[in-house]
Amino acid sequence: MKNFPPVKKTNVVRHYFILPCCLLLLNVCNSLVSYKAGMIGDPIFRVIAIIFFVLVGSSLVAFVFAPAIEGLVRSLYRTSEKGAGGLGRVAFLILLGIGVFFLYYQLYIHGPESLLPTLLRN
């Protein structure tokens, strides 16, 4: 039987929780972009705007948000090991999940305009 290297806990958390949360946040951003792009009259400019903002949004998620959240979780792992155990990292993951749930609830129950500031609404 082949021996596999031990799996790091931070990689498991990243692959099974943080990355899906970031993808869900990207989906919320895509919904907002589609909502705002609906206000562009010309179909060609609408498609160009959607493609541009989806590319920008996915780049932000891949290169800014996911590494920032992962770095925060890693720092929570380090500090919680020295402090009160795993309570800090568990609380952060629960708050992240609640935050994503709240965004989706607002998006699908109250519409994308509920997530936008009043200046960016119709």
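Definitions and limits used
Residues numbered from 1 in each chain as written. Predicted model: local features only at pLDDT ≥ 70, side-chain atom pairs only at ≥ 80, totals over all residues. Heavy atoms only, no water. Helix = DSSP H or I, 4+ residues; strand = E, 2+ residues; numbered from the N terminus. Buried < 20%, exposed > 50% of the residue type's maximum accessible area, 1.4 Å probe, protein only. Contact = heavy atoms within 4.5 Å. Areas by Shrake-Rupley, 256 points an atom, 1.4 Å probe, with all protein chains shown as cover. Phe/Tyr/Trp six-rings, centres within 6.5 Å; stacked < 30°, edge-to-face > 60°. Core = buried A, V, L, I, M, F, W, Y, C linked by side-chain atoms within 4.5 Å. pLDDT = per-residue confidence, 0-100. Patch = residues over 30% accessible without salt bridge, like charges linked within 9 Å, V, L, I, M, F, W, Y side chains within 5 Å. Salt bridge = Lys/Arg side-chain N within 4 Å of Asp/Glu carboxyl O.

Draft legend 1. Representation of the overall build of the protein in the model. Counting its secondary structure elements, the protein contains three helices and zero strands. The secondary structure elements of the protein, listed N-terminal to C-terminal, are α-α-α. Across the 122 residues that make up the protein, the buried fraction comes to 26%. Within the protein, contacts between residues at least 6 apart in sequence are counted, and of these 65% link residues at least 24 apart. Accessible surface, the protein as shown: approximately 8,600 Å² in total, 72% of it carbon and sulfur.

Draft legend 2. How the structure looks around the side chain of glutamine 106. Take glutamine 106: it is sitting in helix H3 (residues 87-110). Contacts of glutamine 106, omitting those with residues within four sequence positions, involve Gly111, Ser114 and Leu115.

Draft legend 3. Spatial organisation of the environment of isoleucine 18. Topologically, isoleucine 18 is positioned in helix H1 (residues 9-37). Assessed through its relative accessible area of 1%, isoleucine 18 is described here as buried. When the C-alpha positions of isoleucine 18 and proline 67 are compared, they lie 9.6 Å apart, and in sequence the two are 49 residues distant.

Draft legend 4. Main features of the packing of aromatic side chains. Tallying each qualifying case throughout the model produces three aromatic pairs. Taken together, a centroid distance of 5.2 Å and an interplanar angle of 70° make the contact between phenylalanine 52 and phenylalanine 53 edge-to-face. For phenylalanine 52, a relative accessible area of 49% gives the class partly exposed.

Draft legend 5. Broad picture of the nonpolar core. One finds Ile18, Cys22, Val28, Ile69, Val73 and Phe92 to be the most contacted residues of the largest nonpolar core, which totals 18 residues. Here this core takes seven residues from H1, the largest share from any one element.

Draft legend 6. Layout of the environment of asparagine 30. Mapped onto the elements, asparagine 30 comes out in helix H1. On a C-alpha basis, the gap between asparagine 30 and isoleucine 50 in space is 8.3 Å, while along the polypeptide they are 20 residues apart.

Draft legend 7. A look at the confidence of the model for the protein. Put simply, the protein has an average pLDDT of 78, and 76% of its residues get 70 or more. The weakest mean pLDDT in the protein belongs to H1 at 77; the strongest belongs to H3 at 84.

Draft legend 8. Seen up close, a nonpolar patch on the surface. Taken together, Phe52, Phe53, Val56, Leu60, Phe63, Val64 and Phe65 make up a surface patch of nonpolar side chains, about 700 Å² in accessible area. Structurally, phenylalanine 53 can be placed in helix H2 (residues 43-82).

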